[in-house]
Every structure is written in C-alpha cells, then in structure tokens.
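Structure at a glance
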Amino acid sequence: ADIIDENGHLMEPVGSKRLTELFGTEGNGYGFKWKLLPRMWFYSTFLSYAESWQELLSMWDDGVYDEIRPSADFPVGIMAFNVEAQSIVAEVERDLIGVSQMHGHRR
C-alpha cells in the first residue's frame, strides 16, 4: 500500500473512450460511467483491497480466525488498465528515445 500511496499518481491515465473499448461497457459495473469517473478509480479500489488485508492480518494477530479473505474484492480490471497505461507510456518513450520496455527498438 505504501507504493500506491507514494507513487500511484505517477501512473499514466487511460482515457474513458479506451476504457469503454477495453471493458466493453460504458461504466465500471459499480454504477459509474467511465467518462464521469476519476481515472484513479482502479487505484482507489486496489488501495481499499490492500488495506483490507491489513485489517484481516491484524485480526489474525489477535487470534481471530473467523475470516479467511479480506472484505474488499480484488479489482481484476486493474490488470488490463495497467497494461494499457504502460502501452501509452511506451509509445511516447519509443518516439522520444527510440526504444521502450513494451515495444523494444524502433525499426
């Protein structure tokens, strides 16, 4: 969670049109449309998930084993979002310096 807190703002955002293309819907499934929703939604939900693990581990430290998983769902869509965001950055990187971690050398 510290990495997200300290560096999450550095992630290149993905536009709402591309999010609609990636996920095939106008919204995120939680009642929010991509074009109205802050693009950091994925990171907010991931941070909630990460912090819910802290709560669960604290319960286990106290000897309470009623739960076996955190209360927040894992935000599966963050994987596709991250790949797309890295692709956006990689294209700019390739154009600027001729090489990128996603695309290799310019041909």
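A few points on the structure. (Residues numbered from 1 in each chain as written. Predicted model: local features only at pLDDT ≥ 70, side-chain atom pairs only at ≥ 80, totals over all residues. Heavy atoms only, no water.)

Spanning 20 residues, helix 4 (residues 78–97) covers 28 Å between terminal C-alpha atoms, matching the ideal 28 Å at 1.5 Å per step. Among the residues of helix 4, those classed as buried are Ile78, Phe81, Glu84, Ala85, Ser87 and Ala90. Once helix 4 finishes, glycine 98 follows within two positions and takes phi at roughly 85°, a positive value. (Helix = DSSP H or I, 4+ residues; strand = E, 2+ residues; numbered from the N terminus. Expected span 1.5 Å × (residues − 1). Buried < 20%, exposed > 50% of the residue type's maximum accessible area, 1.4 Å probe, protein only.)

Our focus in this paragraph is the packing of helix 2 (residues 16–23) against helix 4. Contact geometry for helix 2 and helix 4: axes closest at 11 Å, N-to-C directions at 130°. If you check the angle between helix 2 and helix 4, you find them oblique. In this structure, helix 2 crosses over helix 4, and the sense of that crossing is right-handed. The segment helix 2 lies against helix 4, with Arg18, Leu19, Leu22 and Phe23 engaging Ala80, Phe81 and Glu84. (Axes fitted to C-alpha atoms, helices over the stretch in contact; angles between N-to-C directions. Parallel < 35°, antiparallel > 145°, perpendicular 65-115°, else oblique. Left-handed = near helix turned anticlockwise from the far one by under 90°. Contact = heavy atoms within 4.5 Å.)

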